Amino acid sequence: MITPDFELSQDPDFLTVIIRVPYARVSELDLFFEGEDFKFYAKPYFLRLTLPGRVVEDGREKASYDTDKGVFTIQLPKESPGQYFEGLDMLTSLLAPKKSRTAKPLVEEIGVPAEEEEEEEEEFDWEIEQTLYKEAAEGPVPLQCYYGFGNLRSGVFQRLQDELSDVIDVKDPDQTPTDERKMKRLEAEAAKFDPDHYLADFFEDEAIQHILKYKPWWVDAHKKMMALQGESQNHGSHTLVIFSDEEREQLRKFTNKSYLLDKTSRHLVYLGLIDILLAYCYEIRVNEGDKNVESSWNVRKLSATLCWLECFTSIHDVLVSFGRRVVCYPLYRHFGLVTRAFNDTVMILQLGRAAVLKCLLDIHRIFRESDPAYILNDLFITDYCIWIQKIKKTLSLFRIRLETS
């Protein structure tokens, strides 16, 4: 667990706790305060404080979260209004000390047969050790590598590497340049490729042939679009793509913002989008539209953009990378699934922004419900969901390039 950066302030009636938790999983927030005890948990951050005065839960407490800055602001009512709390700037002393423990229980029941003992449900350990957050010491400027949507992020993994090692394959991404990431990715794929597995799927392909016959929702939508093209020139993808109530609710939760991307960054974003859609199309097909515990793994493992923070420079590189990863990692390693995912992605792009957005919202839900893959929403998917609603004609140009690749 990581002890977050925090600070405290007060007025006559409230104690205010400001906690900085960038890229935390705020959907599973756990907050407790009573008397002098304050406990906060939002994976991977944990904070336990012994307050210099008493607070009370009486309905006046307030909490807010700034999604852009990753900052919680929590106002706790003082039990005695007007009381001045001493030492709010003595942060180290506020971190509650770890309680003493003994290897043996203080009271032990003797003579209970082992078969009669019941396992207690494992509870979160609120007494784990804490260390005060420290800013990086000044010194030579370290190598700064960028990643995420449009290469707009850096420094995310400096404190979260241990927590997120299962999400991405590249080690120490903040110190690994783009070219080195690609080289290490290719080495990992070459080491992972199993010719026996590939040949077994090639010759014993009954299950794969069944999967190839599955028709995702965009197949029928695409057929309708092609039929409408001969009847009217004014049809829109909004008549072909319907958003569920859950998807509309998620769209309302996003923060509206603009992205200042230069030509190179825009090119990178489009290629990353195609890479992510290819992985998603594979996942939807092999599980025939259902979600399971492997769904998150499939999407992020088959997308080098997500798994290796790859920065592609051409559609050719995207397709080659996806094909290599399909025959190296998932359960079904058949090149027919590569070409089918390619065709599915073309259909989604032809359907337009609404279809792409619907797929991105589904990916967002998959990662949101997966621990710890939720960080990929903060790095990529949320921004893609917002950005795709703002673009216009450039998407069709990339669709044409993909069709001719």
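Residues numbered from 1 in each chain as written. Predicted model: local features only at pLDDT ≥ 70, side-chain atom pairs only at ≥ 80, totals over all residues. Heavy atoms only, no water.

Undergrad: Just to check I follow, could you spell out the overall build of the chain for this structure?
TA: Along the backbone of the chain there are 15 helices and six strands. Each of the 405 residues in the chain was classed as buried or not, and the buried ones make up 45%. With the model as given, the accessible surface of the chain reaches about 22,200 Å², and the carbon-plus-sulfur share is 50%. (Helix = DSSP H or I, 4+ residues; strand = E, 2+ residues; numbered from the N terminus. Buried < 20%, exposed > 50% of the residue type's maximum accessible area, 1.4 Å probe, protein only. Areas by Shrake-Rupley, 256 points an atom, 1.4 Å probe, with all protein chains shown as cover.)

Undergrad: Could you clarify how one ought to interpret helix α3 (residues 178-192) in this entry?
TA: Helical periodicity: at 3.6 residues per turn, an α-helix aligns residues three or four positions apart in one direction. With 15 residues, α3 extends 21 Å from end C-alpha to end C-alpha; this agrees with the ideal 21 Å at 1.5 Å per step. The set of residues buried in α3 consists of Arg181, Arg185 and Glu189. An end-on view of α3 places all buried positions within 65° of arc, on one side of the element. Away from its buried face, by an angle of more than 90 degrees, α3 presents the exposed residues Asp179, Ala190 and Ala191. (Expected span 1.5 Å × (residues − 1). Arc of directions from axis to C-beta.)

Undergrad: I would appreciate a short explanation of the nonpolar core in the present structure.
TA: Considering soluble globular proteins, one finds that nonpolar side chains tend to be buried as a cluster. By size, the foremost hydrophobic cluster in this structure holds 104 residues, and its most contacted members are Ile19, Phe38, Trp218 and Trp387. Considering every element that reaches this core, the biggest residue donor is helix α8 (residues 263-286), with 14 residues. Discounting residues that sit within four places of it in the chain, Ile19 has contacts with Pro4, Asp5, Phe6, Phe38, Phe40, Leu47, Gly70, Val71, Phe72 and Ile74. (Core = buried A, V, L, I, M, F, W, Y, C linked by side-chain atoms within 4.5 Å. Contact = heavy atoms within 4.5 Å.)

Undergrad: Whenever I open this one, the pairing of strand β1 (residues 5-10) confuses me. Can you help?
TA: Looking along a regular strand, one sees side chains alternate from face to face of the sheet. In terms of strand pairing, β1 meets strand β2 (residues 14-20) through six bridges, oriented antiparallel. Residue pairing in the sheet places Phe6 in a bridge with Ile19 of β2. Once β1 ends, the chain turns through three residues before running back antiparallel as β2. (Pairing = 2+ DSSP bridges.)

Undergrad: What exactly am I supposed to notice about the layout of surface pockets here?
TA: Space left empty within the atom packing is revealed by a probe, the size of a water molecule, rolled over the atoms. In this model, the largest pocket occupies a volume close to 790 Å³. Counting residues per element, the ones that place at least two in the lining of the largest pocket are α7 (245-253), α13 (353-368) and α14 (375-387). At five residues, α14 tops the list of elements feeding residues into the lining of the largest pocket. Its residues placed into classes, the lining of the largest pocket shows eight nonpolar, eight polar and nine charged. (1 Å grid on protein atoms, 1.4 Å probe; cavity = no way out; pocket = protein on both sides within 12 Å on 5 of 7 lines; lining within 4 Å. Points joined across faces, edges and corners; volume = space filled by probe spheres on them. Nonpolar A, V, L, I, M, F, W, Y, C, P; charged D, E, K, R; others polar.)

Undergrad: Looking at this model, I keep getting lost on a nonpolar patch on the surface. Mind explaining?
TA: A cluster of nonpolar side chains, namely Leu199, Phe202 and Phe203, defines an oily patch on the protein surface of about 340 Å² accessible area. Counting through the fold element by element, Phe203 comes out in helix α4 (residues 195-203). With relative accessibility at 63%, the residue Phe203 sits in the exposed group. (Patch = residues over 30% accessible without salt bridge, like charges linked within 9 Å, V, L, I, M, F, W, Y side chains within 5 Å. Salt bridge = Lys/Arg side-chain N within 4 Å of Asp/Glu carboxyl O.)

Undergrad: Sorry if this is basic, but what is going on with unusual backbone geometry here?
TA: Excluding glycine, residues mostly have negative phi values, and the peptide bonds linking residues are mostly trans. Residue Lys43 is joined to Pro44 through a cis peptide bond whose omega torsion reads 5°. On the secondary structure map, Pro44 appears in the loop between β3 (30-42) and β4 (45-55). Despite not being glycine, Leu309 has its phi angle at roughly 55°, a positive value. With respect to the element layout, Leu309 can be found in the loop between α10 (304-307) and α11 (315-326).

Undergrad: Would you explain the sheet that holds β2 in this entry?
TA: Strand pairing within a sheet occurs via backbone hydrogen bonds; the two strands may be parallel or antiparallel. Taking strand neighbours across the sheet as the criterion, the four strands line up as β1-β2-β6-β5 in an open arrangement whose pairing is antiparallel. A strand with exactly one partner marks an edge of an open sheet, and here the two such strands are β1 and β5 (62-66). Taking the axes of each pair of neighbouring strands and ignoring which way they run, one obtains an average angle of 15° across the sheet. (Axes fitted to C-alpha atoms, helices over the stretch in contact; angles between N-to-C directions.)

Undergrad: Would you explain a negative patch on the surface in this entry?
TA: Taken together, Glu34, Glu36, Asp37 and Glu57 make up a surface patch of like negative charges. Topologically, Glu34 is positioned in strand β3. (Lys, Arg positive; Asp, Glu negative; His and termini not counted. Charge placed at Lys NZ, Arg CZ, Asp CG, Glu CD.)

Undergrad: Is there a simple way to explain the side chain of Asp344 in this structure?
TA: In this structure, Asp344 sits in helix α12 (residues 335-351). Judged by its relative accessible area of 0%, Asp344 is buried. Leave out the neighbours within four places in its chain, and Asp344 touches Pro216, Trp218, Cys281 and Arg285.

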